[in-house]
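Remarks on the overall topology
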Amino acid sequence: MSDFVDGFWSLYVAGITLLSVIACAVLLTMQHQKRAPGQAVGTTGHQWDEDLAEYNNPLPKWWMWLFWITIVFGLVYFALYPGLGTFKGMLGWTSTGQYQAEQAKADATYGPVFKKYAAMDIEAIAKDPQAKAMGERMFLTYCSQCHGSDARGAKGFPNLADNDWLWGGEPQAILTTILEGRTGMMPPMGAAVGGPEGVKEVANYVLSLSGAAHDAKLAEAGKAKFAACAACHGPEAKGNPALGAPNLTDKVWLHGGTLAAISEQIDKGRTNVMPAHKEFLGPERSRLIAAYVWGLSQPPAGAK
Ligand code: HEC
Ligand code: HEC
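Note that the structure is a prediction, hence the values are computed from the model and not measured.

Scoring rules and cut-offs
Residues numbered from 1 in each chain as written. Chains lettered and ligands numbered in written order. Predicted model: local features only at pLDDT ≥ 70, side-chain atom pairs only at ≥ 80, totals over all residues. Heavy atoms only, no water. Axes fitted to C-alpha atoms, helices over the stretch in contact; angles between N-to-C directions. Helix = DSSP H or I, 4+ residues; strand = E, 2+ residues; numbered from the N terminus. Left-handed = near helix turned anticlockwise from the far one by under 90°. Contact = heavy atoms within 4.5 Å. Donors = N, O, S within 2.8 Å, 3.2 Å for Na, K, Ca; no water. Tetrahedral: all angles 85-135°; square planar, octahedral: opposite > 155°, others 65-115°. Buried < 20%, exposed > 50% of the residue type's maximum accessible area, 1.4 Å probe, protein only. Domains from an automatic or database assignment. Buried area = accessible area lost by both parts, 1.4 Å probe. Salt bridge = Lys/Arg side-chain N within 4 Å of Asp/Glu carboxyl O. Polar contact = N/O pair within 3.5 Å; in protein donor to acceptor, adjacent residues only side chain to side chain. Nonpolar A, V, L, I, M, F, W, Y, C, P; charged D, E, K, R; others polar. Near = heavy atom within 4 Å. Core = buried A, V, L, I, M, F, W, Y, C linked by side-chain atoms within 4.5 Å.

**With respect to the packing of helix α7 (residues 171-180) against helix α12 (residues 278-296)**
At their nearest, the axes of α7 and α12 sit 8 Å apart, and the two run at 150 degrees to each other. You can see that α7 and α12 cross each other, and the crossing is right-handed. Of the residues in α12, those in contact with Pro 171, Ile 174, Leu 175, Ile 178, Leu 179 and Glu 180 of α7 are Lys 278, Gly 282, Pro 283, Ser 286, Arg 287, Ile 289, Ala 290, Val 293 and Trp 294.

Listed below in structure tokens is the structure:
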């Protein structure tokens, strides 16, 4: 409650809080009445439908007591916990303090476990069953919303379980991706390839690279225009992990492999962001997750 610039508002709020509690007590006392034995019960004086009257019975005792208990509880709470203006409470409790205490407890429990893995190679961590289980749990918590619980991705979110990488699949590259994040950026290329007709030609050429159905004549015309793309995708269109530029000759598509999807990608370009997790997860957790992710495509497909 350090938002208050001077003490007045703190006192003002604390005063109103206490006054409300006192007002409740006063109201309860005013409503407190006993019925003497044998005394007839009066009515409130309200009458409906000619002879329907409301009795003025005293409030039930258990009900009154509940209110008194609530008031006492409130006052004790205000004394112990922060609740009255800027008064911090006698226990000195804060939500930040509670969070830090829980954090410290978790660090004490998991710290030694993480330390053990911090000294190991990512390849070695990936073979450790305990580390793998921890990595998988953290992947499900922190990564699955984008990459899927089986890490197989979705349109725009890469499959991490295959052996096809935008930014490189070496353990260190994966760790860097997690820690620093990645921004895949392709500028709109429509104008550079000569407008809609050029886009169609280059798109057909791209389709031809992976052996997909395409118009051979358009593709032939598009081939020359691919020079505009080679700086990023490479002269043979095999991609460039330094830029996150995908290999266009395989059958793996991040944004769709139809003529329409490829044309749109060429015409409009795209910026695709993998957020950095360094601040959020720290190096030790990221290491375990990197090992888990790397392990998903090991041994590489085709290897014995
Ligand atoms: C908000 C969505 C989002 C979250 C959360 C997220 N990612 Fe990603 N990730 C992406 C996107 C989008 C890309 C593709 C970036 C690009 O196109 O260059 C990506 C790329 C990657 C890559 C590179 C893939 C390649 O082919 O090189 C790896 C590895 C990766 N993510 C791992 C993770 C891990 C591990 C986590 C959890 C700690 C995670 N991601 C959390 C969206 C996300
Ligand atoms: C400045 C670098 C750059 C240039 C130039 C460039 N691209 Fe790209 N391209 C990228 C990057 C980076 C991506 C990945 C974007 C992402 O992460 O989503 C990409 C993605 C693509 C995709 C989508 C692939 C998929 O898996 O869905 C296609 C198709 C493509 N580019 C074709 C082209 C063509 C054709 C040209 C030339 C007309 C071109 N690009 C020029 C960097 C470039």
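Picking up after the structure, the text goes on.
**Thoughts on the coordination of the iron atom of ligand 1**
Note on the iron atom of ligand 1: its protein donors are His 147 (NE2) and Met 274 (SD). The metal-donor distances range over 2.0 to 2.1 Å. Every donor counted, the 6 donor atoms about the iron atom of ligand 1 form angles of 88 to 180 degrees at the centre, which fits octahedral coordination. Here His 147 is found in helix α6 (residues 144-147), whereas its partner Met 274 is found in strand β4 (residues 270-274), with 127 residues between them in sequence.

**Overview of the coordination of the iron atom of ligand 2**
Surrounding the iron atom of ligand 2 are the protein donor atoms Met 186 (SD) and His 233 (NE2), at 2.0 Å. His 233 gets classed as buried once you look at its relative accessible area, which sits at 10%.

**Regarding the domain arrangement of the chain**
Many descriptions give the size of an interface as the accessible area lost when the pieces come together. When the domains of the chain are assigned, the result is domain 1 (122-181 + 282-296) and domain 2 (185-274). The C-alpha centroid of domain 2 is placed 28 Å from the C-alpha centroid of domain 1. For the pair domain 1 and domain 2, the summed buried surface comes to about 980 Å²; carbon and sulfur atoms form 60% of the total. Looking only at domain 1, the three residues that lose the most surface to domain 2 are Gly 156, Leu 166 and Trp 167, adding up to 49% of its buried area. Where domain 1 meets domain 2, there are 0 salt bridges. Between domain 1 and domain 2 we count 3 residue pairs in polar contact (both at pLDDT 80 or more) in total. Among the residues forming the side of domain 1 that touches domain 2, the class breakdown is 6 nonpolar, 5 polar and 3 charged.

**Some words on the site of ligand 1**
Inspection of the region around ligand 1 gives 26 residues, with Cys 143, Cys 146, His 147, Leu 166 and Met 274 positioned closest. At 2.8 Å from a nitrogen atom of ligand 1 is found a side-chain nitrogen or oxygen belonging to His 147. Between Trp 167 and ligand 1, the recorded distance is 2.8 Å, taken from a side-chain N or O atom to an oxygen atom. Breaking the shell around ligand 1 down by element, the ones donating at least two residues are α6, α7, β4 and α12.

**Some details on the nonpolar core**
The biggest cluster of nonpolar side chains holds 24 residues, and the ones touching the most others in it are Ile 125, Phe 139, Ile 174, Leu 288, Ile 289, Ala 290 and Val 293. Elements represented by at least two residues in this core include exactly α3 (95-118), α4 (122-126), α5 (129-142), α7 and α12. When residues of this core are assigned to their parent elements, the largest contribution, 8 residues, is made by α12. The contacts of Val 293, once residues within four sequence positions are left out, are Phe 139, Leu 160, Trp 165 and Ile 174. Listed in part, the 16 residues of the second largest apolar core include Leu 207, Cys 229, Leu 248 and Ile 262.

**Considerations on the side chain of Glu 201**
Within the element layout of this structure, Glu 201 appears in helix α8 (residues 195-209). In this structure Glu 201 comes out as buried when scored by relative accessible area, which is 11%. Dropping the residues within four chain positions of it, Glu 201 is found in contact with Leu 218, Ala 219, Ala 221, Gly 222 and Lys 225.

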